[in-house]
Amino acid sequence: MNTRHIITSETFARPWIEQIINRAEQFMQDGFVHTLPNKIIGTYFFEPSTRTRLSFTTAGYRLGAEVVGFDNVAGTSIAKGESLEDTIRMVSNYSDVIIMRHPETGSAKRAADIATVPVINAGDGANQHPSQTLLDLVTIKQALGRLDDFKILMIGDIEYSRVVHSLADTLKLFNNVEQVLINPMKESYQPYLADADIILVTRVQHERYSDAQAVAEFKESYCFSVADAQQMKSGAKIISPLPRLSELPTTLDLLPQAYYFQQAAFGVPVRAALLEYVLGVW
Amino acid sequence: MNTRHIITSETFARPWIEQIINRAEQFMQDGFVHTLPNKIIGTYFFEPSTRTRLSFTTAGYRLGAEVVGFDNVAGTSIAKGESLEDTIRMVSNYSDVIIMRHPETGSAKRAADIATVPVINAGDGANQHPSQTLLDLVTIKQALGRLDDFKILMIGDIEYSRVVHSLADTLKLFNNVEQVLINPMKESYQPYLADADIILVTRVQHERYSDAQAVAEFKESYCFSVADAQQMKSGAKIISPLPRLSELPTTLDLLPQAYYFQQAAFGVPVRAALLEYVLGVW
Amino acid sequence: MNTRHIITSETFARPWIEQIINRAEQFMQDGFVHTLPNKIIGTYFFEPSTRTRLSFTTAGYRLGAEVVGFDNVAGTSIAKGESLEDTIRMVSNYSDVIIMRHPETGSAKRAADIATVPVINAGDGANQHPSQTLLDLVTIKQALGRLDDFKILMIGDIEYSRVVHSLADTLKLFNNVEQVLINPMKESYQPYLADADIILVTRVQHERYSDAQAVAEFKESYCFSVADAQQMKSGAKIISPLPRLSELPTTLDLLPQAYYFQQAAFGVPVRAALLEYVLGVW
């Protein structure tokens, strides 16, 4: 069997996605079992991330594995200029899987080319974050009961959002999914509110702008309001990768349309399914 | 059963305290057993703390649990302004209990209002640190064999010490406990040395002062000496939350009155008892 | 039984080294077993180190233990001036073994004098790093099949390299080991290339120099080339503690002489053997 890396959502096939989602849903319904005893999960975060790191860590523990890694490279040989390739060779000795976040586009692919164990890309700069895409898909499935035949409105910093790009591409694998992508600085999303089954609200990617003024204008232009939510059709849901800034005010939180906290709860089961897959449980 | 949070020592009742102490003493005598298999303990430290974080972590492992968390929020979405409420909703998905240290007074209560799992306050600014109070109580019980009918002298930065405030308040639940609180900058503690069964020596709370001169004067004024210890009555003990500065010189360490290193050893069993309680083992 | 500390390679005896190597080789051949259930390994790194910390952590997990510790003391009471002795007394309560890295020469010995559990020195400044020496010995044994009757050329910053000093001293315990130590700034290593069975290539210890110019000159003078490797005799191997700078170019990596990535894989089994020893498994 070839090593099973998860580097980009571009290579996802529909049957595989359905397997991952089914397994994640099984965990949600029946709880976790120790399918990974004696395994060591490695979480190597060259950039900090609480949300992604902790959800993979918890997934590992729920399956009976142990977890090693780092989330702060300041002061280490890595910060002093060890090559990514040498670091990956090193950590291949410490864990049975490499979960990696790194600021450079393409770094996860470079790691997979070197590693002797599976690599899961937990974010390579602005490029790919495939487990987030799977989490978004599980969320839609849980919200609607299906991944075909629905309309999705994605609002945010469309040009720079890897969340939006990856989900939009992946949804092309499903049937009759109508996608509308809106940058609220350039165009109103109001005309589409009543029609969407799912509304994905993402924040401004402020780290991508050098111009603080542009970020401030973006933020000012963009706040999904209770009035917006009330225009949504019955059963439609607002989802978001979180963390949120001003685009998702807390006044939405108790509305039936708000689904982003439920979404957050799916992170552990979907990552547990991924860990099982790359480690060959099924 | 309602969720069992531990937010403040103000709500402690004597029978509950005795249960916790009895369980901690049982651990000291018989060792630990795996009463928390398949549980995940979350240690979320928005401010660094080696002592408290590691004692909860070790307590979790001794009971067969796993431990996730963070102790450094620099560079994360938390540092970038995610609300405490959103962070607590997130970590409720990762662990079966939330052990939290945060710089703001009242933060632990806010967390408990949101969390779907038990919250243990491991320090909310200058306000409360209830497991420290329980540790002080176990220490007195171990030192004297009782929690009623004794005299305690508390020396230190009385106005600003949460350790002193919480212990002083909690001791009111017990019978015939005579308390004397002395700020050595303002008053001599000498007259009380021969009379006390327990002497709690706490450091200057230098983080509460903006005036370096005031801190330096405080420190200079205050060093519990071997001569002081020799005035103590037979069987009386010096306790301290540690870490120490100049107020507890190492020349005391080998005296029979010095009990602060024994005290440090009670941190893991008392926190193990707390974990069992909030997770419903008894 | 006295507490089994590992502080310096100077106290190693040949039969003990052979026991450690045999056990490490057994792990490499047969895999790990849970000989340390219910044990807690403490990794206390007052200076960051990814390589050493992770290899001890993984070794602990492979043997069924749990791992606690810190790798960043910024903001803690340790950084605020708690004495090493007080910190060691504290952590003796949290783990069954203390693995410690500290910037000061002699700190590990001071820790062993205070600790109530075994101490393993994982680097005390420029002084000692005994598990690295054992790793070098396992590597030579794996490369040559023996630890007697061979020639070793050590190239690098000879005056300041603790790796070189410790290995050179320890090899005196073995029979007929010819050692040549060369600082390439001062002398050519070329005449010795064809004769050596093992060539240890170590980097400039730039943290020991105040003069950036001297470091730059050192680096410029020193690059082990493919032409160098081709002068080596059949079966001879290049080893290195890694990380590498320019002294070991990646053009060497695929040559049969390059043995430094294999060496990196021996770090976990040799540290697992050490953990078993200090915890009294054998």
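Since the model is a prediction, treat every value here as computed from it, not as a measurement.

Of regular secondary structure, chain A possesses 10 helices and 8 strands. In summary, chain A has a C-alpha radius of gyration of 19 Å against a globular reference of 19 Å for 282 residues, a match within 12%. If one aligns the C-alpha atoms of chain A with their principal axes, the spans along those axes are about 55 × 45 × 30 Å. When each of the 282 residues of chain A is scored for burial, the buried share is 51%. Taking the contacts inside chain A whose residues are at least 6 apart along the sequence as the reference set, 73% of them involve residues at least 24 apart.

Time to look at the relation of the copies chain C and chain A. Relative to chain A, chain C is turned by 120° and slid 0.0 Å along the rotation axis, the superposed coordinates differing by an RMSD of 0.0 Å. Overall, the copies show the geometry of a three-fold rotation axis.

Below, the discussion takes up the sheet that holds strand β4 (residues 119-124) of chain B. Residue and element names in this part refer to chain B. A sheet is described by the order of its strands in space; here 4 strands give the open sequence β2-β1-β3-β4, paired in parallel fashion. Bordering the open sheet on either side are β2 (66-70) and β4, each of which pairs with just one other strand. Across the sheet, the axes of successive neighbouring strands diverge by a mean angle of 15°, strand direction being ignored.

Counting residues at the interface gives 18 residues for chain C, matched by 15 residues for chain A. Counting residues per element, the ones that place at least two in the side of chain C that touches chain A are α2 (50-62), α9 (260-265) and α10 (267-278) of chain C. Of the residues forming the side of chain C that touches chain A, the biggest block, 7 residues, is contributed by α2 of chain C.

Take the sheet that holds strand β8 (residues 237-239) of chain A next. Residue and element names in this part refer to chain A. If you trace the 4 strands from one edge of the open sheet to the other, you get β6-β5-β7-β8, paired in parallel fashion. Strand pairing shows two members of the sheet lacking a second neighbour, β6 (177-182) and β8, which therefore form its edges. Strand-to-strand twist across the sheet, computed as the mean angle between neighbouring axes with direction ignored, equals 20°. Note that strand β7 (residues 198-201) and β8 share 3 bridges and pair parallel. Bridging across to β8, L200 finds its partner in I239. Relative to the sheet, helix α5 (residues 130-144) contacts β5 (150-155), β7 and β8, its axis offset from that of β8 by approximately 165°. Along the sheet, helix α6 (residues 162-171) makes contact with β5, β6 and β7, crossing β6 at roughly 160°.

Each α-helix turn comprises 3.6 residues. Residues three or four places apart therefore point the same way. Residue and element names in this part refer to chain C. Counting buried positions along helix α6 (residues 162-171) yields 8 of 10 residues, so the element is predominantly enclosed. Considered for burial, the residues of α6 that qualify are R162, V163, V164, H165, S166, L167, T170 and L171. Buried residues along α6 sit in contact with α5 (130-144), β5 (150-155), β6 (177-182) and β7 (198-201).

What follows is about the domain arrangement of chain A. Residue and element names in this part refer to chain A. Taken domain by domain, chain A comprises domain 1 (9-127 + 267-278) and domain 2 (131-265). One C-alpha centre belongs to domain 1, the other to domain 2; they are set 25 Å apart. In this assembly, 16 residues from domain 1 lie in contact with 16 residues from domain 2. Taken together, the elements giving at least two residues each to the side of domain 1 that touches domain 2 come down to α1 (14-30), β4 (119-124) and α10 (267-278). A per-element tally of the side of domain 1 that touches domain 2 places α1 first, with 5 residues. Split by residue class, the side of domain 1 that touches domain 2 holds 10 nonpolar, 3 polar and 3 charged.

To continue, consider the environment of D148 of chain B. All names here are of chain B. By secondary structure assignment, the location of D148 is in the loop between α5 (130-144) and β5 (150-155). For D148, a count of 12 C-beta atoms within 10 Å gives the class exposed. The spatial distance from the C-alpha of D148 to the C-alpha of L171 is 8.8 Å, given a sequence separation of 23 residues. The contacts of D148, once residues within four sequence positions are left out, are F174, N175, N176 and V177.

Attention now goes to the interface of chain A and chain B. Taken together, the 18 residues of chain A in the interface contact 15 residues of chain B. Of all the elements in the fold, those that place two or more residues in the side of chain A that touches chain B are α2 (50-62), α9 (260-265) and α10 of chain A. Ranked by residue count, the leading element in the side of chain A that touches chain B is α2 of chain A, at 7 residues. When grouped by side-chain class, the residues that make up the side of chain A that touches chain B number 9 nonpolar, 7 polar and 2 charged.

On to helix α10 (residues 267-278) of chain B, then. Residue and element names in this part refer to chain B. Taking 1.5 Å as the rise per residue, α10 with 12 residues should run 16 Å; its terminal C-alpha atoms sit 17 Å apart, in good agreement. Of all the 12 residues making up α10, 11 are buried; the element is thus mostly covered by neighbouring parts of the structure. Of the positions making up α10, those classed as buried are G267, V268, P269, V270, R271, A272, A273, L274, L275, E276 and V278.

This brings us to the packing of helix α1 (residues 14-30) of chain B against α5 of chain B. Residues and elements named next belong to chain B. At a minimum axis distance of 10 Å, the contact between α1 and α5 shows a crossing angle of 65°. With respect to α5, the element α1 is oriented roughly perpendicular. The handedness of the crossing between α1 and α5 comes out as right-handed. Of the residues in α5, those touching α1 at I17, I20, I21 and A24 are L134, L137, V138 and K141. Classifying every residue of the contact of α1 with α5 gives 7 nonpolar, no polar and 1 charged.

In this section: unusual backbone geometry. Omega for the bond connecting L242 of chain A with P243 of chain A falls within 30 degrees of zero, at 0°, which places this linkage in the cis form. Considering the arrangement of structural elements, one finds P243 of chain A in the loop between β8 and α9. The backbone phi angle of N176 of chain B is positive, close to 60°, even though this residue is not glycine. Tracing the chain through its elements places N176 of chain B in the loop between α6 (162-171) and β6 (177-182).

Residues and elements named next belong to chain C. Locating L279 in the fold gives a position in the segment after α10. Its 19 C-beta neighbours within 10 Å are what place L279 among the partly exposed residues. On a C-alpha basis, the gap between L279 and N175 in space is 30 Å, while along the polypeptide they are 104 residues apart.

Our next topic: the packing of α2 of chain A against α10 of chain A. Residues and elements named next belong to chain A. Taken N-terminus to C-terminus, the directions of α2 and α10 make an angle of 65°; their axes are 8 Å apart at the nearest point. Crossing hand, α2 versus α10: right-handed. Touching S55, F56, T58, A59, G60 and R62 of α2 are G267, V268, R271, A272 and L275, all from α10. Broken down by class, the residue content of the contact of α2 with α10 amounts to 5 nonpolar, 4 polar and 2 charged.

Take chain A, turn it by 120°, move it 0.0 Å along the axis, and it overlays chain B with an RMSD of 0.0 Å. Mapped onto chain B, only 6% of the interface residues of chain A are again interface residues, and the two copies thus contact each other with different surfaces.

This brings us to the pairing of strand β2 (residues 66-70) of chain A. Among the 5 residues of β2 of chain A, 5 are classified as buried, and the element is accordingly described as predominantly covered. Residues of β2 of chain A alternate between two faces, with E66, V68 and F70 of chain A on one and V67 and G69 of chain A on the opposite face, all of them buried.

What counts, and at which threshold
- Residues numbered from 1 in each chain as written.
- Chains lettered and ligands numbered in written order.
- Predicted model: local features only at pLDDT ≥ 70, side-chain atom pairs only at ≥ 80, totals over all residues.
- Helix = DSSP H or I, 4+ residues; strand = E, 2+ residues; numbered from the N terminus.
- Rg over C-alpha atoms; globule rule 2.2 N^0.38 Å.
- Buried ≥ 20, exposed ≤ 12 C-beta atoms within 10 Å, placed from the backbone.
- Contact = placed C-beta atoms within 7 Å.
- Least-squares fit on C-alpha atoms with pLDDT ≥ 70 in both.
- Pairing = 2+ DSSP bridges.
- Axes fitted to C-alpha atoms, helices over the stretch in contact; angles between N-to-C directions.
- Domains from an automatic or database assignment.
- Nonpolar A, V, L, I, M, F, W, Y, C, P; charged D, E, K, R; others polar.
- Expected span 1.5 Å × (residues − 1).
- Parallel < 35°, antiparallel > 145°, perpendicular 65-115°, else oblique.
- Left-handed = near helix turned anticlockwise from the far one by under 90°.

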